[in-house]
Amino acid sequence: MGAISQKPLAAIFGCSGLALTPEERAFFTQTQPLGFILFQRNCDNPQQVRDLVTEMRACVDHGEAPVLVDQEGGRVARLKPPHWPEFPAAKTYADLYARDPDAGAEASFLGGRLIAQELADLGVTVDCAPVLDIPQPDADPIIGDRAFGTDVQTIVHLAKRFMDGLMQGGVAPVIKHIPGHGRALVDSHEALPHVDSVHDVLEVSDFAPFRALHFAPWAMTAHVVYESLDEDRPATLSPAVIQDVIRKQIGFRGLLISDDLSMKALKGSFAERARGCLDAGCDVALHCNGDMTEMTEVAEGASEMTSKAWARYKMGELHRNGAARPFETEDARQAARHRFDTLLG
């Protein structure tokens, strides 16, 4: 499984700008995080992003460190025109699927495939997509059109095709926000949502897309309190939710990362947040905003990846590399984009 003498820190970090500062370079070299995540502030043009990704990986000793980005399409896209093409929100595929199931499924696959090509060209290996949450009519709109529909069957079918496209492009998908963010009445970026639905209801609805796609290589937790499961702690910090629901009931066996620890849903110091999510059963703590003071605290609270977590990551890499089928020519890529645009009208 590619054993190394010392496993990486169980953390993924962002950075502040378009290139690493000397302080960031020293910090990453010292702490040896598993990987890195990019945001719009880090992405100006393709060559600059390639250089930044290379610079990030040069800081760590464990080979091709994963580099993540949120490139769902629609309103959640870190790579934007004019240097990168636009892609639609997931709801667009669901709307097409309702009219023409074959066309909707093909469009979802091609969307994932074409996004993956854009990311792979930059050296990015993980896309924080697809969203498997089922949006509810009275919920906060933070999920909304990011979902692949409003029913389990549609979400599972279209998200699976999107995942297939990403994997064929050499990019690992991250199913999120496990075990489900669709009932949250507030945005977890701003406050801690509480969901009071009973377990039986959650089991047949919210958990179902994750259970159907439990074989994904990566998943991201929800900063949501499910009162019927753990009335005190959000899923990210709850051993009951992670061990009993995510690992056992849903059956997820891949690499489990927290949602961003800097979101306002969480309280306590950043060391406490990092330690809490890892103690609860997350494999890796995610911190996104590039704030050095916060990252230093996360590193203090985090620990070396466990052997199980490292094995999960390496297994995901085996699957990602094995599934990759790059476009053989630029003409093939352009033909796929033309077909995609034709399907979407």
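Residues numbered from 1 in each chain as written. Predicted model: local features only at pLDDT ≥ 70, side-chain atom pairs only at ≥ 80, totals over all residues. Heavy atoms only, no water.

Draft legend 1. Main features of the packing of helix H4 (residues 101–120) against helix H5 (residues 152–168). Here H4 crosses H5 at 30°, and the two axes come no closer than 7 Å. Here the hand of the crossing between H4 and H5 comes out right-handed. Two secondary-structure elements touch here, H4 through Gly 104, Ala 105, Ser 108, Phe 109, Gly 111, Gly 112, Arg 113, Ile 115 and Ala 116 and H5 through His 157, Leu 158, Arg 161, Phe 162, Asp 164, Gly 165, Leu 166 and Gln 168. Taken together, the residues that form the contact of H4 with H5 break down as 7 nonpolar, 7 polar and 3 charged. (Axes fitted to C-alpha atoms, helices over the stretch in contact; angles between N-to-C directions. Helix = DSSP H or I, 4+ residues; strand = E, 2+ residues; numbered from the N terminus. Left-handed = near helix turned anticlockwise from the far one by under 90°. Contact = heavy atoms within 4.5 Å. Nonpolar A, V, L, I, M, F, W, Y, C, P; charged D, E, K, R; others polar.)

Draft legend 2. Geometry of the pairing of strand S9 (residues 218–221). The alternating pattern of S9 places Trp 218 and Met 220 and Ala 219 and Thr 221 on opposite faces, both of which are buried. Here strand S7 (residues 172–178) runs beside S9; their pairing, made up of 4 bridges, is parallel. Bridging across to S9, Ile 178 finds its partner in Thr 221. Both S9 and strand S11 (residues 255–257) contribute to a ladder of 3 bridges, which runs parallel. Bridge pairing in S11 places Trp 218 opposite Leu 255. (Buried < 20%, exposed > 50% of the residue type's maximum accessible area, 1.4 Å probe, protein only. Pairing = 2+ DSSP bridges.)

Draft legend 3. Representation of the pairing of strand S1 (residues 9–13) within the structure. Burial of S1 is extensive: 5 of the 5 residues sit out of reach of the surface. Residue alternation in S1 divides its side chains into two sets, Leu 9, Ala 11 and Phe 13 and Ala 10 and Ile 12, and both sets are buried. For the handedness criterion, the β-α-β arrangement of S1, helix H1 (residues 22–31) and strand S2 (residues 33–38) is classed as right-handed. With 3 bridges connecting them, S1 and strand S12 (residues 285–287) associate as parallel partners. Paired with Ile 12 across the strands is Leu 286, a residue of S12. (Right-handed = clockwise from strand over helix to strand, strands pointing away.)

Draft legend 4. Summary view of the sheet that holds S1. In spatial order, the strands read S11-S9-S7-S6-S3-S2-S1-S12; together these 8 strands make up an open sheet with parallel pairing. Whereas interior strands pair on both sides, the edge strands pair on one side only; in this sheet they are S11 and S12. Each of S1 and S2 is contacted by H1, which is oriented at about 155° to S1, the strand it contacts most. Lying on the sheet, helix H10 (residues 292–301) is in contact with S1 and S12; it crosses S1 at an angle near 160°.

Draft legend 5. View of helix H9 (residues 270–280). Taken together, the buried positions of H9 are Phe 270, Ala 271, Arg 273, Ala 274, Cys 277, Leu 278 and Ala 280. Packing partners of the buried residues in H9 comprise S1, helix H8 (239–249), S12 and H10. After H9 finishes, the residue Gly 281 shows a positive phi value of roughly 130°.

Draft legend 6. A negative patch on the surface, seen in detail. Negative charge collects at one region of the surface, where Asp 196, Glu 227, Glu 231 and Asp 232 lie side by side. Here Asp 232 is to be found in the loop between strand S10 (225–226) and H8. Judged by its relative accessible area of 61%, Asp 232 falls in the exposed class. (Patch = residues over 30% accessible without salt bridge, like charges linked within 9 Å, V, L, I, M, F, W, Y side chains within 5 Å. Areas by Shrake-Rupley, 256 points an atom, 1.4 Å probe, with all protein chains shown as cover. Salt bridge = Lys/Arg side-chain N within 4 Å of Asp/Glu carboxyl O. Lys, Arg positive; Asp, Glu negative; His and termini not counted. Charge placed at Lys NZ, Arg CZ, Asp CG, Glu CD.)

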